[in-house]
Amino acid sequence: MPVVTKDIVPLLVQTGASARVAEDIPARFVPGDTVLAKNVNPANHTRLPRYVRGKVGTIMMDHGVFVTPDTAAHGLGEHPQHVYCVRFTAAELWGGDASSKDTVNIDLWDDYLQPA
Amino acid sequence: MNGIHDLGGMHGHGPINPPPTEPVFSHEWERRIFALFIGAFGGGHYNVDEFRHAIERMDPAEYLLGSYYEHWLHSIETLLLEKGVVTRDELDQKIAALKGGH
Amino acid sequence: MSHDHDHTDPPEDIELRVKALESVLADKGLIDTSALDELIDLYETKIGPRNGAKVVAKAWTDPDYRQRLLSDGTAAIKELGFSGVQGEDMVVVENTPDVHNMIVCTLCSCYPWPTLGLPPAWFKSAPYRSRVVIDPRGVLKEFGISLSAEKEVRVWDSSAELRYLVLPERPAGTDGWQEDQLVELVTRDSMIGVGFPKSAPDNHQQAGA
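Not measured: the values here are computed from a predicted model.

### Describing the interface of chain A and chain C
Where the parts come together, the accessible area they lose is often given as the size of the interface.
Phase 1: Counting residues at the interface gives 34 residues for chain A and 41 residues for chain C.
Phase 2: If you sort the residues of chain A by the area they bury against chain C, V13(A), R47(A) and K101(A) come out on top, with a joint share of 20%.
Phase 3: On the surface where chain A and chain C come into contact, there are two salt bridges.
Phase 4: Between R137(C) and D102(A) there is a salt bridge, with its nearest N and O atoms 2.8 Å apart.
Phase 5: At the level of secondary structure, the elements contributing two or more residues to the side of chain A that touches chain C comprise α1 (9-15), β2 (56-66), β3 (81-89) and β4 (103-109) of chain A.
Phase 6: Considering every element that reaches the side of chain A that touches chain C, the biggest residue donor is β4(A), with six residues.
Phase 7: Residues that form the side of chain A that touches chain C fall into these classes: 17 nonpolar, ten polar and seven charged.

What follows is the structure in structure tokens.
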């Protein structure tokens, strides 16, 4: 395994390690689509927080293709897929008392979503 | 996993109380564990998803009581032990040696 | 998998555990302690919110740059030399008279290191992470900010691999200011969305202008 030495630190820090994957994978959703964040409760690693599960939102951006944390955290490969920014209204997430103006925007992997 | 890390929307965690200023690191050990994280990551010993998941697997009470960099220490120890990069004995012997050196 | 390790270690034991871990890894030749020293120096003295302030001030003075920043944040930020770890893929969101943006990572503490440096402790804390998504206006009040009910609060939970930076509104009374003067007005909190840039008159006096 490579050892991080002092001389490569500046380059390492400036380059980082993007989770973006250069694979041409078709997007299932486009901005404007209405989607449902799946109501799932995996015991493994996931970046689908409980507070959006089962909620309906709108695709705002398609960020492109990224490594999937749910598999990468368990040695199960990169499983590249699209990540989208999904907008949920505060009322959808928290009910009628929430501000009618406010929104929560969260980046979600394709697998976390289904058409609504 | 439905872990303690998944905090969004919870009540009862108290006020934020942001101080006007604070140092980048509060203790020397925070500097070392921060740098160790990048050093061991750059050395290919774990990926960031494994790193986050090892934090999520912490005991919930320990997670809430522990500071950010304590989470990092826990995660790096956990992963390096699980992957056999270091052993419990090696760490314990080193701790004993460091204590003896005081 | 858990270890029968003492979970109630007092702080002095944390220090020992960190020393032991670094020492064992160094003994095995798996880390270079001088590289760790270099990393600490970079993040403690060179990489901080001053970087983000330069991005914001340039966007305030250069409309073309602002456009590039909002359409491809990563590339536009890299133009100023800021890139890399925890800023590999950036999105910049713009405050307007109608919209106020706030950044959080509810699942851990993701934060744009190249532009803002390492996150403050409160950003990583349970109180902030739990509340921003459900009570953003209450959180803002704790930071001394009260927003009109007419304004939309847009919270960005950056829990995937995109990192977010808020482009705050340029303070009034700064017409004709140069980029390097404007940099002094941009606060870290204004780029997280829990504060505003400093106002112009105060800064003018400070700068003796």
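### A word on unusual backbone geometry
Phase 1: Of note in the backbone geometry, N17(B) takes a positive phi value of approximately 45° without being a glycine.
Phase 2: Turning to its location among the elements, N17(B) is positioned in the segment before α1 (28-42).
Phase 3: With a phi angle near 60°, Q86(C) is a residue other than glycine that sits in the positive phi range.
Phase 4: With respect to the helices, strands and loops of the structure, Q86(C) is situated in the loop between α5 (73-79) and β1 (90-94).
Phase 5: Classification of Q86(C) by relative accessible area gives buried; the value is 14%.

### Describing the pairing of strand β1 (residues 34-37) of chain A
All names here are of chain A.
Phase 1: Residues V35 and A37 of β1 are buried on one face, while the alternating residues T34 and L36, pointing to the opposite face, are not.
Phase 2: By the bridge criterion, three bridges tie β1 to β2 in an arrangement that is antiparallel. If you follow T34 over to β2, its bridge partner there is T58.
Phase 3: Note: β1 against strand β5 (residues 113-115), three bridges, orientation antiparallel. Counterpart to V35 in the pairing with β5 is P115.

### Describing the pairing of strand β2 (residues 99-104) of chain C
Residues and elements named next belong to chain C.
Phase 1: Within β2, six of the six residues are buried, which leaves the element mostly enclosed by the surrounding structure.
Phase 2: On β2, burial covers both faces: V99, N101 and I103 on one face and H100, M102 and V104 on the other are all buried.
Phase 3: Pairing between β2 and strand β3 (residues 152-157): six bridges, direction parallel. Among the inter-strand pairings, H100 is bridged to a residue of β3, identified as V153.

### Considerations on the interface of chain C and chain B
Phase 1: Taken together, the 54 residues of chain C in the interface contact 56 residues of chain B.
Phase 2: Looking at the side of chain C facing chain B, the largest losses of area belong to L16(C), R17(C) and L21(C), adding up to 12% of the total buried there.
Phase 3: The interface formed by chain C and chain B contains seven salt bridges.
Phase 4: Note that E90(B) and K28(C) form a salt bridge whose closest N and O atoms lie 2.9 Å from each other.
Phase 5: Summed over the shared surface of chain C and chain B, the number is 15 residue pairs in polar contact (both at pLDDT 80 or more).
Phase 6: Those elements that place two or more of their residues in the side of chain C that touches chain B are α1 (11-27), α2 (33-46), α7 (126-131) and α8 (136-142) of chain C.

### Remarks on the packing of aromatic side chains
Phase 1: Summed over the entire model, instances satisfying the criterion amount to 27 aromatic pairs over all chains.
Phase 2: For the pair F37(B) and F51(B), a centre-to-centre distance of 4.4 Å together with 45° between the ring planes defines the contact as tilted. On the criterion of sequence distance, the pair formed by F37(B) in helix α1 and F51(B) in helix α2 (residues 48-56) is long-range, its members being 14 residues apart. Each member of the pair, F37(B) as well as F51(B), is classed as buried.
Phase 3: Pairwise contacts between aromatic rings join F25(B), F34(B), F37(B), F41(B), Y46(B), F51(B), Y68(B), Y69(B), W72(B), Y43(C) and W113(C) into one cluster.

### Focus on the sheet that holds β5(A)
Within a sheet, neighbouring strands are paired by backbone hydrogen bonds and run either parallel or antiparallel to one another.
Phase 1: Taken in spatial order, the seven strands make up an open sheet running β5(A)-β1(A)-β2(A)-β3(A)-β4(A)-β3(C)-β2(C), and their pairing is mixed. Strand pairing shows two members of the sheet lacking a second neighbour, β5 of chain A together with β2 of chain C, which therefore form its edges. Within the sheet, the average angular offset between the axes of one strand and its neighbour, ignoring direction, is 35°.

### Looking at the pattern of salt bridges
Phase 1: According to the stated counting rule, one finds 27 salt bridges over all chains in the structure shown.
Phase 2: We note a salt bridge from R88(B) to D92(B), for which the minimum N-O separation is 3.3 Å. Highlighted residues: R88(B) and D92(B), both in helix α5 (residues 88-100), separated by four residues, approximately one helical turn.
Phase 3: Look at R88(B) and you get partly exposed, because its relative accessible area is 21%.
Phase 4: Residue class for D92(B) comes out partly exposed when judged on its relative accessible area of 35%.
Phase 5: Residues R163(C) and E161(C) are paired through a salt bridge, measuring 3.3 Å at the closest nitrogen-oxygen approach.
Phase 6: Salt bridges here are not isolated pairs; linked through shared partners, they connect D49(B), R52(B), E161(C) and R163(C).

What counts as what
- Residues numbered from 1 in each chain as written.
- Chains lettered and ligands numbered in written order.
- Predicted model: local features only at pLDDT ≥ 70, side-chain atom pairs only at ≥ 80, totals over all residues.
- Heavy atoms only, no water.
- Contact = heavy atoms within 4.5 Å.
- Buried area = accessible area lost by both parts, 1.4 Å probe.
- Salt bridge = Lys/Arg side-chain N within 4 Å of Asp/Glu carboxyl O.
- Helix = DSSP H or I, 4+ residues; strand = E, 2+ residues; numbered from the N terminus.
- Nonpolar A, V, L, I, M, F, W, Y, C, P; charged D, E, K, R; others polar.
- Buried < 20%, exposed > 50% of the residue type's maximum accessible area, 1.4 Å probe, protein only.
- Pairing = 2+ DSSP bridges.
- Polar contact = N/O pair within 3.5 Å; in protein donor to acceptor, adjacent residues only side chain to side chain.
- Phe/Tyr/Trp six-rings, centres within 6.5 Å; stacked < 30°, edge-to-face > 60°.
- Axes fitted to C-alpha atoms, helices over the stretch in contact; angles between N-to-C directions.

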